Amino acid sequence: MEYWEEINESDFRLYPLLRSLTIVNDIRFGAKTRIYLDFMSALSGVNNLFDQAQ
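1. Re the environment of Phe29
- By the secondary structure assignment, Phe29 is in the loop between helix 1 (9-21) and helix 2 (31-44).
- The class for Phe29 is partly exposed, based on a relative accessible area of 21%.
- Considered as a pair, Phe29 and Leu18 are eleven residues apart in the sequence and their alpha carbons are 9.5 Å apart.
- What Phe29 contacts, discounting residues up to four positions off in sequence, is Leu18, Leu21, Thr22, Arg34, Leu37 and Phe50.

2. Observations regarding a nonpolar patch on the surface
- The grouping of Ile7, Phe12 and Leu43 at the surface amounts to a nonpolar patch, some 310 Å² of accessible area in total.
- The residue Phe12 is located in helix 1 in this model.

3. Comments concerning the packing of helix 1 against helix 2
- Taken N-terminus to C-terminus, the directions of helix 1 and helix 2 make an angle of 110 degrees; their axes are 10 Å apart at the nearest point. When the interaxial angle is binned, helix 1 and helix 2 end up roughly perpendicular. Facing Asp11, Leu14, Tyr15, Leu18 and Arg19 of helix 1, the residues of helix 2 in contact are Thr33, Tyr36, Leu37, Met40, Ser41 and Ser44.
- By residue class, the composition of the contact of helix 1 with helix 2 is six nonpolar, three polar and two charged.

Conventions adopted
- Residues numbered from 1 in each chain as written.
- Predicted model: local features only at pLDDT ≥ 70, side-chain atom pairs only at ≥ 80, totals over all residues.
- Heavy atoms only, no water.
- Helix = DSSP H or I, 4+ residues; strand = E, 2+ residues; numbered from the N terminus.
- Buried < 20%, exposed > 50% of the residue type's maximum accessible area, 1.4 Å probe, protein only.
- Contact = heavy atoms within 4.5 Å.
- Patch = residues over 30% accessible without salt bridge, like charges linked within 9 Å, V, L, I, M, F, W, Y side chains within 5 Å.
- Areas by Shrake-Rupley, 256 points an atom, 1.4 Å probe, with all protein chains shown as cover.
- Salt bridge = Lys/Arg side-chain N within 4 Å of Asp/Glu carboxyl O.
- Axes fitted to C-alpha atoms, helices over the stretch in contact; angles between N-to-C directions.
- Parallel < 35°, antiparallel > 145°, perpendicular 65-115°, else oblique.
- Nonpolar A, V, L, I, M, F, W, Y, C, P; charged D, E, K, R; others polar.

Laid out in structure tokens, this is it:
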């Protein structure tokens, strides 16, 4: 991946926090944050919650 060559301990804290916000309807993330969310989702096999946003 262009932005992240490896994950580290901070990703285990940051990704779950950001992922929990993906259920908020109409939330906007910057382009790099969205790429990060999609990358971590693919890497971990844990879906983001954009499709369930309320």
